[in-house]
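A look at the structure
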Amino acid sequence: MSEPSKVIHIRNVGHEIAESDLLQLLQPFGVVSKIVMLRAKNQALLQMEDIHASVSALQYYTSVQPSIRGRNVYMQFSSHQELTTDQSSHGRNSDQESEPNRILLVTIHHMIYPITVEVLHQVFKAYGFVEKIVTFQKSAGFQALIQFHSRQEAVEAFGSLHGRNIYDGCCQLDIQYSNLSELQVHYNNDRSRDFTNPSLPTEQRPRAPQQQGYPDPANLYAFQQAGASFAQMGRAAMIAAAFGGSLPHGVTGTNERCTLIVSNLNTDKIDEDKLFNLFSLYGNIVRIKILRNKPDHALVEMADGLQAELAVHYLKGAILFGKKLEVNYSKYPNITPAPDAHDYLNSSLNRFNSNVVKNYRHCCSPTKMIHISALPQEISEEAILNHVSEHGTVLNTKLFEVNGKRQALVLFETEEEATEALVSKHASTLEGNTIRISFSQMQSI
């Protein structure tokens, strides 16, 4: 062991580990006076107020393995006897202190889920008026410059958000003060935004598709801190916010027809429950009826007009059991209750009974990737593969954990195979758990 020092050197500090996590390890032994996060090296330096505290901490952690967020970290005395003011950057990547400024440089570490201008705006606007945001990709990873109206607002955001995760366990905010005096924004699009000048052009560039497999956006730290939530907004604003500020291109949000006619069904393989599993991705289902005189036709009654419009928008032309679906609005306003009409009005399997914003955000056309949740804690990839592989060729799988809950991604060779797996296995039982399946637009695992 090195010569005792007030400074403790910690290794294997992953990007998911925040400054506050390290403080929890060492504060029981004394006051931590300075911290340097060496993000590029996955290391950190923490200076205790006196050498007795650092010796006590290292003596304790020689017999107890320190672990943060499931990751083992390793401690030793640093070769530094003391950290200088210049060295102590309070968790930032640079070795120099920067003066407080109204413009923040934000680096996102451990970015499992994509971060957009809209998400950043929702996080930072809780601390003041955000004038401009510019995002870009650098060697350090995904970064953004965020300009507040005043320096005090930026300082408050820095103090509250630095080191925090946007979503539980990932997308960690590493914040520095920028030395810029004014951001130059030329376009309002998915990469930059001037909130003081909404008339800027969009640069006519195709918008990237919404990524799927998100955790619940209610976990956004800024929402929790500000005491605000999507549920407190008006319904229209909530839905638009769920889609990143505006409804998907081609969706008006003004449709009032709730009942759909679905045709060109595979009569040998389709039933009401399979249609429920597919259409419930876009809203709650009231009733479904397969027509006796036209068994390749079915009526699907959604809870409201917007949900019906989303189903038409995303499912028209989808391939299900070898057939290309036709999805249109029915001339009937609703499905009359009858023995041959399956009633789902009070079904606990309706996805929009809870987490409404998350479910709107996840709406997309069928993809090759399915996201499986509500899995047993001890589930194996092999068990998941055995459960879904009968529906097509599985190219890759990934088992992971979000908020302590087991989830999985399964990539099929085609959208048709993934769609068949979803309609056949959503709400099925796997090792005692009723699993939930949705589409993910993540391109790879």
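Definitions and limits used
- Residues numbered from 1 in each chain as written.
- Predicted model: local features only at pLDDT ≥ 70, side-chain atom pairs only at ≥ 80, totals over all residues.
- Heavy atoms only, no water.
- Salt bridge = Lys/Arg side-chain N within 4 Å of Asp/Glu carboxyl O.
- Helix = DSSP H or I, 4+ residues; strand = E, 2+ residues; numbered from the N terminus.
- Buried < 20%, exposed > 50% of the residue type's maximum accessible area, 1.4 Å probe, protein only.
- Pairing = 2+ DSSP bridges.
- Axes fitted to C-alpha atoms, helices over the stretch in contact; angles between N-to-C directions.
- Left-handed = near helix turned anticlockwise from the far one by under 90°.
- Contact = heavy atoms within 4.5 Å.
- Nonpolar A, V, L, I, M, F, W, Y, C, P; charged D, E, K, R; others polar.
- Phe/Tyr/Trp six-rings, centres within 6.5 Å; stacked < 30°, edge-to-face > 60°.
- Lys NZ or Arg CZ within 6 Å of the ring centre and 35° of its normal.
- Expected span 1.5 Å × (residues − 1).
- Polar contact = N/O pair within 3.5 Å; in protein donor to acceptor, adjacent residues only side chain to side chain.
- Core = buried A, V, L, I, M, F, W, Y, C linked by side-chain atoms within 4.5 Å.

1. Some details on the pattern of salt bridges
Taken as a whole and assessed by the stated rule, the structure comprises 14 salt bridges. Close ionic contact of Lys6 with Glu82 constitutes a salt bridge, the shortest N to O distance being 3.4 Å. Of the two residues, Lys6 sits in the segment before β1 (7–11) while Glu82 sits in the loop between β6 (74–77) and β7 (103–109), which places them 76 residues apart along the sequence. On the basis of relative accessible area, Glu82 is assigned to the partly exposed category, the value being 45%. Of the charged contacts, one joins Arg191 and Asp190 as a salt bridge, the two residues approaching to 3.0 Å between their closest N and O atoms.

2. With respect to the sheet that holds strand β21 (residues 394–402)
Taken in spatial order, the 4 strands of this open sheet run β21-β22-β20-β25, and their pairing is antiparallel. Where the open sheet ends on each side, the last strands, each with one partner, are β21 and β25 (436–440). On average, each strand axis in the sheet is tilted by 20° relative to the strand beside it, whichever way the strands run. Of the pairings in the sheet, the one linking strand β20 (residues 369–373) to β25 comprises 5 bridges and is antiparallel in character.

3. What to know about the packing of helix α7 (residues 272–279) against helix α11 (residues 415–425)
Look at α7 against α11: their axes get within 7 Å of each other, and the N-to-C directions meet at 115°. For α7 against α11, the interelement crossing comes out right-handed. Contacts between α7 and α11 pair Lys274, Asn277 and Leu278 from the former with Thr419, Leu422, Val423 and Ser424 from the latter. Considered class by class, the residues forming the contact of α7 with α11 number 3 nonpolar, 3 polar and 1 charged.

4. Some words on the packing of aromatic side chains
We describe a pair of aromatic rings using the distance from one ring centre to the other and the angle between the two ring planes. Scanning the model with the defined rule gives 8 aromatic pairs in all. Where Tyr282 meets Tyr314, the ring centres are 5.7 Å apart and the plane angle is 20°; that geometry is what we call stacked. Here Tyr282 is found in the loop between α7 and β14 (285–290), whereas its partner Tyr314 is found in helix α8 (residues 305–315), with 32 residues between them in sequence. Pair check on accessibility: Tyr282 and Tyr314 agree, each one buried. Residues Phe352 and Tyr360 carry aromatic rings whose centres are separated by 5.0 Å and whose planes lie at 70° to one another, so their mutual orientation is edge-to-face. Exposure class is identical for Phe352 and Tyr360. Each is buried. Against the face of Tyr329 rests Arg257, its NZ or CZ located 4.1 Å from the ring centre. Against the face of Phe400 rests Lys398, its NZ or CZ located 6.0 Å from the ring centre.

5. Section: the sheet that holds strand β2 (residues 32–38)
Read from one edge to the other, the open sheet built from 4 strands follows the order β2-β3-β1-β6, with strand pairing classed as antiparallel. Both edges of this open sheet fall to β2 and β6, since each of them pairs with a single strand only. For this sheet, the mean angle separating the axes of adjacent strands, direction not counted, is 20°. Where β1 meets strand β3 (residues 43–48), 5 bridges bridge the pair, whose relative direction is antiparallel. When the sheet's bridge partners are listed, His9 is paired in β3 with Leu45. Helix α2 (residues 51–63) rests against β1, β3 and β6 of the sheet, and its axis sits at about 140° to β6.

6. Observations regarding helix α1 (residues 19–26)
Given 3.6 residues to a turn, an α-helix orients residues that are three or four positions apart in the same direction. Across the 8 residues that make up α1, a large majority, 6, are buried. For α1, the set of buried residues is Glu19, Asp21, Leu22, Leu23, Leu25 and Leu26.

7. Re α2
Spanning 13 residues, α2 covers 19 Å between terminal C-alpha atoms, matching the ideal 18 Å at 1.5 Å per step. Summarising the contacts, the buried residues of α2 are in contact with β1, α1, β3 and β6. For α2, the N-terminal capping position is held by Asp50, with its side-chain oxygen 3.0 Å away from the main-chain nitrogen of His52.

8. Focus: the side chain of Ser263
The residue Ser263 is located in strand β13 (residues 259–263) in this model. Excluding residues that lie within four positions of it along the chain, Ser263 makes contacts with Asp296, His297, Lys324, Leu325 and Glu326.

9. Structural notes on the nonpolar core
Where a protein is soluble and globular, its nonpolar side chains tend to be buried together. Membership of the largest hydrophobic core comes to 54 residues, with the highest contact counts inside it found for Phe279 and Ile372. With 7 residues, α8 is the single largest residue contributor to this core. Apart from the residues lying within four places of it in its own chain, the contact partners of Ile372 are Ile384, Val388, Gln407, Ala408, Val410, Ile435, Arg436 and Ile437. One finds Leu104, Val106, Ile115 and Met369 within the second-largest nonpolar core, a separate group that totals 34 residues.

Coordinates in, geometry out; function isn't part of it.
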